[in-house]
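# Close look at the chain arrangement
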Amino acid sequence: MCNWRQGLMVAVAACSTVVAAADKRPNILFILADDQSPFDLKMYNPSSVLDTPVLDRLAAEGMVFDGAHHMGSFSGAVCNPSRHMIMSGRTVWHLPNVSKKVMRPICPADIVEQTMGAVFTRAGYDTMRTCKKGNSYAEANAQFTVVHDSTKRGGTDETGSAWHAKQVLAYLNEREASKDQDPFLIYYGFSHPHDTRDGKPELLKKYGATNHTDPNALPVLSPERPAPALPSNYLPAHPFAHGHPGLRDEERVSGVWKNRDEATIRNEVGREFACSENIDIQIGQVLDKLEAMGELDNTYIIYTADHGISIGRHGLMGKQNLYEHTWRVPYIVKGPGIKPGSRAKGNIYLLDTLRTLCDLAGIEAPEATEGISFKPVLEGKQETVRDVLYGVYCGGTKPGMRCVKKGDWKLIKYDVLDGKVRETQLFNLAENPEEFLKEHRGLANANPKPNQVNLAGDPKYAGKLKEMEALLLSEQRRLDDPYRLWDQPEN
């Protein structure tokens, strides 16, 4: 048996290359955080001070995806379409909850029977789920055999992330006692680090943060334990209106409100880190239990988030934007046959998860699933599953924001507030991975070079801009995007 706490790479390699016997189908532990930027984690941002030793170990023993994304949202509650996509494998404009005011949903009538819980239960898997309540796909959630959902964002074990771990551990104890030999699919979701980021006192202290609740005063940073530094692409304000006036995430989050000063942002990052480290601790407890049961080596473990989050980056606080810190998600996979310490671009969407899990388990994927299996990437046979990635946010004023990425190049366009804001951004992510803008110049936390800004207005890149705009329109047409931007043809 592989010792989860042992750090020897020889043991890691031995454990991670085990292939499940033909008569023993693999287990699946799918772990989902609520609102987490990949750049909070050391495997994506080595300068991060967030401690996540369990996730670091998963990354060392499995594969890290450098190009994992959620496709986007037509709602201010970005988690809602994201979680529908995870459950159904459908693209954003083909979801069962696409508003009829937006377009007629293109979705099979029996879509609920083709969602994750239903598919795996029919295939003979024991299925269990714990996650937050609300802003999710309730009908699909109910397809799991065992469901313990509750929103837990407090600062104690009973009101926070430990509650979700408790549900999984109780389920595993019951399996152990009954000597259940069926494979399992466990959907292990958390309510944190989504706001309100009420961390446990000892972890808040570690990150120099407080659960600030006074809207009439700014938080006071601790001189003994400094809060995390400002994000490198922090701005005191976004350079133009982002198109969703009165958005809760930007104006009414407890502890932040409309403030963007250094103390507020650093304190809020500290709160985020306190909640994230607690998630890491709770994951470790479940992995320890799986190891003790002898199930760890035959279990695929997936860690991801429903979307990223800003928390001061680009002067924003929420998830209603298409910058990399928010459009990308962390995605780590460990399991049989996956090379330890491997990385891949992948170019995957969260909606690819269902088809991939079916592929790993030897289950026929449902017809309604539009995702692509990235099993060949996990096996080291290919680097990506697609060349082009599309993103949308139009939960505010329409048509909203769109982005497209291919290779090192990324285009973001904004058409909001009834045409009052029409902006185009072009980034070379190889040279400007943090998507610095000219507004970042002169700030202590950033010093972008001349080519590390928005290049859309630079005549040298006119050809690339035209190419990316044509690519965006092509993706909008392919994916049935019902809207067009100000400089696009109607059809």
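The structure reproduced in this document is the subject of the present report. (Residues numbered from 1 in each chain as written. Predicted model: local features only at pLDDT ≥ 70, side-chain atom pairs only at ≥ 80, totals over all residues. Heavy atoms only, no water.)

## Let's talk about the pattern of salt bridges
For side chains bearing opposite charge, pairing can occur when the charged atoms are close. Taken as a whole, this structure holds 42 salt bridges when the rule is applied. By sharing partners, the salt bridges in this structure join Asp34, Arg83, Lys132, Arg153 and Asp306 into a single network. (Salt bridge = Lys/Arg side-chain N within 4 Å of Asp/Glu carboxyl O.)

## Let's talk about unusual backbone geometry
The linkage connecting His192 with the following residue, Pro193, adopts the cis geometry, with an omega of 0 degrees. Assignment of secondary structure puts Pro193 in strand β7 (residues 184–193). Between Asp195 and Thr196 the backbone carries a cis peptide bond, its omega angle lying at 0 degrees. Secondary-structure assignment places Thr196 in the loop between β7 and α7 (201–206). Unusually for a residue other than glycine, Asp35 sits at a positive phi of about 75 degrees. Following the sequence through the fold, Asp35 ends up in the loop between β1 (27–34) and α2 (53–61). Accessibility expressed as a relative area gives 0% for Asp35, which makes it buried. For Asp480, which is not a glycine, the phi torsion comes out positive at approximately 65 degrees. (Helix = DSSP H or I, 4+ residues; strand = E, 2+ residues; numbered from the N terminus. Buried < 20%, exposed > 50% of the residue type's maximum accessible area, 1.4 Å probe, protein only.)

## As for the packing of α2 against helix α9 (residues 262–292)
It is the contact of α2 with α9, at a shortest axis distance of 7 Å, that shows an interaxial angle of 60 degrees. Between α2 and α9, the interaxial angle falls into the category oblique. In contact with Pro53, Val54, Leu55 and Leu58 of α2, α9 contributes Asp280, Ile283, Gly284 and Leu287. Here the residues of the contact of α2 with α9 sort into six nonpolar, one polar and one charged. (Axes fitted to C-alpha atoms, helices over the stretch in contact; angles between N-to-C directions. Parallel < 35°, antiparallel > 145°, perpendicular 65-115°, else oblique. Contact = heavy atoms within 4.5 Å. Nonpolar A, V, L, I, M, F, W, Y, C, P; charged D, E, K, R; others polar.)

## Overview of the sheet that holds strand β14 (residues 409–416)
Adjacent strands of a sheet form backbone hydrogen bonds with each other and so pair up, either parallel or antiparallel. Spatially, the five strands line up as an open sheet ordered β4-β12-β13-β14-β15, and their pairing is mixed. Only two strands of the sheet have a single partner each, and these edge strands are β4 (72–73) and β15 (421–428). Packed on one face of the sheet, helix α13 (residues 462–478) meets β12 (388–393), β13 (400–406), β14 and β15 and runs near 110 degrees to β13. (Pairing = 2+ DSSP bridges.)

## Considering the pairing of strand β8 (residues 299–305)
Regular strands place side chains that alternate from one sheet face to the opposite one. Counted residue by residue, β8 has seven buried out of seven residues, so it is predominantly covered. What you see with β8 is no split at all: Thr299, Ile301, Tyr303 and Ala305 on one side and Tyr300, Ile302 and Thr304 on the other are buried throughout. Two elements, β1 and β8, share seven bridges in a ladder whose sense is parallel. Across the sheet, residue Phe30 finds its bridge partner in β8, namely Ile302. Here β8 pairs with strand β9 (residues 331–334) via four bridges, running antiparallel. When the bridges of β9 are listed, Ile302 appears paired with Val333.

## Description of the sheet that holds β8
Taken together, the eight strands give an open sheet; going across it, the order is β6-β5-β7-β1-β8-β9-β2-β10, and neighbouring strands pair in mixed fashion. Strands at the two margins of the open sheet, each flanked by one partner only, are β6 (146–147) and β10 (342–344). Judged from the two bridges that link them, strand β2 (residues 63–65) and β9 form a sheet pairing that is antiparallel. Within β9, the residue paired with Met63 across the bridge is Val333. Strand contacts of helix α6 (residues 161–178): β5 (126–130), β6 and β7, with the helix running at about 165 degrees to β7, the strand carrying the most contacts.

## So, the side chain of Thr91
Along the chain, Thr91 falls in the loop between α3 (79–88) and α4 (116–122). According to the relative accessible area criterion, Thr91 is buried, its value standing at 7%. When near neighbours in sequence (up to four residues on either side) are disregarded, Thr91 contacts Met71, Met85, Leu351, Glu370 and Leu479.

## As for empty space enclosed by the protein
Tallying each qualifying case throughout the model produces one cavity of 30 Å³ or more. Computed from the structure, the largest cavity encloses a volume of approximately 40 Å³. Around the largest cavity sit Asp35, Asp195, Arg197, Asp249, Val253, Ile309, Met317 and Gly318, which together line it. Along the lines of polarity and charge, the residues of the lining of the largest cavity split into three nonpolar, one polar and four charged. (1 Å grid on protein atoms, 1.4 Å probe; cavity = no way out; pocket = protein on both sides within 12 Å on 5 of 7 lines; lining within 4 Å. Points joined across faces, edges and corners; volume = space filled by probe spheres on them.)

## Focus on the packing of α6 against α9
Orientation of α6 relative to α9, taken along the N-to-C sense of each, is 5 degrees, at an axis distance of 9 Å. The angle between α6 and α9 falls in the class roughly parallel. Of α9, the residues touching α6 (which contributes Ser161, Ala162, Ala165, Val168, Leu169, Leu172, Asn173 and Glu176) are Asn278, Ile279, Gln282, Gln285, Val286, Lys289 and Leu290. Classifying every residue of the contact of α6 with α9 by side-chain character gives eight nonpolar, five polar and two charged.

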